[in-house]
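Here are the chains, one letter per residue:
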Amino acid sequence: VQLQAFGGGLVQPGGSLTLSCSASGSICSINAMGWYRQAPGKQRELVAIITNGGRVNYTESVKGRFSIFRNNAKVAAYLQMNSLKPEDTAVYYCTAWRQINTEPIAWGQGTLVTVSS
């Protein structure tokens, strides 16, 4: 499985940004997709995950602000980020799992999101 992420950039606090992730290769092995992020000097954290069945989960700090969804063919995942805060600044990585609660089977290249005025 190969993942390619798009959509990072600079946005002002309170603004919105949508990240996209395109999957290719053995996509039939993917049962969930999601996004991690890593801010400077901090540990990587799982931001959002969505299963093939549509079940979603978010880290507490983004609930109500971020939404994850996939296209019908389940070859792409998107992270809609609203009401962005400076603390959302991080490199965001698209990931894919064969089974949740295990190690991801693929990582995207990372896309930088900077929230700053």
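I will try to describe carefully the structure that is included in this document.

Rules used in this analysis
Within every chain, residues take consecutive numbers counted from 1 along the sequence as written. Residues qualify for local features only when their pLDDT is at least 70, as the model is predicted, and side-chain atom pairs are given and counted only at 80 or more; totals for whole chains, interfaces and linings, by contrast, use all residues. In computing side-chain properties, one takes all heavy atoms of the structure into account and sets aside hydrogens as well as water. The pairing criterion is simple: DSSP has to find at least two bridges between the two strands. Helix and strand definitions here come from DSSP, where helices need a minimum of 4 consecutive H or I residues and strands a minimum of 2 consecutive E residues; each element is numbered from the N-terminal end. Angles shown run from 0 to 180 degrees and are taken between the N-to-C directions of axes, each axis being a line fitted to C-alpha atoms and, for helices, limited to the stretch in contact. A pocket, in this scheme, is an open set of points on a 1 Å grid over the protein atoms alone with protein on both sides within 12 Å along at least 5 of 7 lines, while a cavity is a set where a 1.4 Å probe fits but cannot get out; residues line either one if an atom lies within 4 Å of a point. Grid points are joined across faces, edges and corners, and a volume is the space filled by probe spheres set on the points. Under this grouping Gly is polar, as are all residues other than the nonpolar Ala, Val, Leu, Ile, Met, Phe, Trp, Tyr, Cys and Pro and the charged Asp, Glu, Lys and Arg. When a residue's accessible area, from a 1.4 Å probe over protein chains only, is under 20% of the maximum for its type it is buried; when over 50% it is exposed; and in between it is partly exposed. The aromatic pairing rule takes the rings of Phe, Tyr and Trp, using the six-membered ring of Trp, and pairs them if the centres are within 6.5 Å, calling planes under 30 degrees apart stacked, those over 60 edge-to-face and the rest tilted. Working rule: Lys NZ or Arg CZ, within 6 Å of ring centre, within 35 degrees of ring normal, means a charge sits over the ring.

### A few points about the sheet that holds strand S1 (residues 2-6)
If you trace the four strands from one edge of the open sheet to the other, you get S1-S3-S8-S7, paired in antiparallel fashion. Either end of the sheet is taken by a strand with one partner, and the two such strands are S1 and strand S7 (66-70). Here the strands of the sheet are splayed against their neighbours by 15 degrees on average, with no regard to which way each runs. Pairing between S7 and strand S8 (residues 76-81): five bridges, direction antiparallel. Its bridge partner being in S8, Arg70 is matched across the sheet by Ala77.

### Digging into the layout of surface pockets
Reported here for the largest pocket is a volume of approximately 230 Å³. Around the largest pocket, the lining is made up of 15 residues, and of these Leu46, Ile49, Trp97, Ile100 and Asn101 lie nearest the centre. The biggest single contributor to the lining of the largest pocket is strand S5 (residues 45-51), with three residues. A class-by-class count of the residues in the lining of the largest pocket yields eight nonpolar, four polar and three charged.

### Some details on unusual backbone geometry
Even without being a glycine, Ser83 presents a positive backbone phi close to 50 degrees. Among the structural elements, Ser83 can be located in the loop between S8 and strand S9 (90-97). Positive phi values are uncommon outside glycine, yet Asn101 reaches one of about 65 degrees. As for its position among the elements, Asn101 is in the loop between S9 and strand S10 (106-107). The exposure class of Asn101 is exposed, given its relative accessible area of 77%.

### Remarks on the packing of aromatic side chains
When we look at a pair of aromatic rings, we describe it by the centre distance and by the angle of the planes. Counted under the stated rule, the structure contains four aromatic pairs. Ring-pair connections join several aromatic residues into one group, and the members of that group are Tyr36, Tyr93, Trp97 and Trp107. The ring of Tyr36 has Arg44 lying over it, and the distance from NZ or CZ to the ring centre is 5.3 Å.

### Quick look at the pairing of S5
Among the seven residues in S5, five count as buried, and that is most of the element. Both strand S4 (residues 32-38) and S5 contribute to a ladder of six bridges, which runs antiparallel. Residue pairing for S5: Tyr36 is matched across the bridge by Leu46. Direction of pairing for S5 relative to strand S6 (residues 56-58): antiparallel, over a ladder of three bridges. Among the inter-strand pairings, Ile50 is bridged to a residue of S6, identified as Val56.

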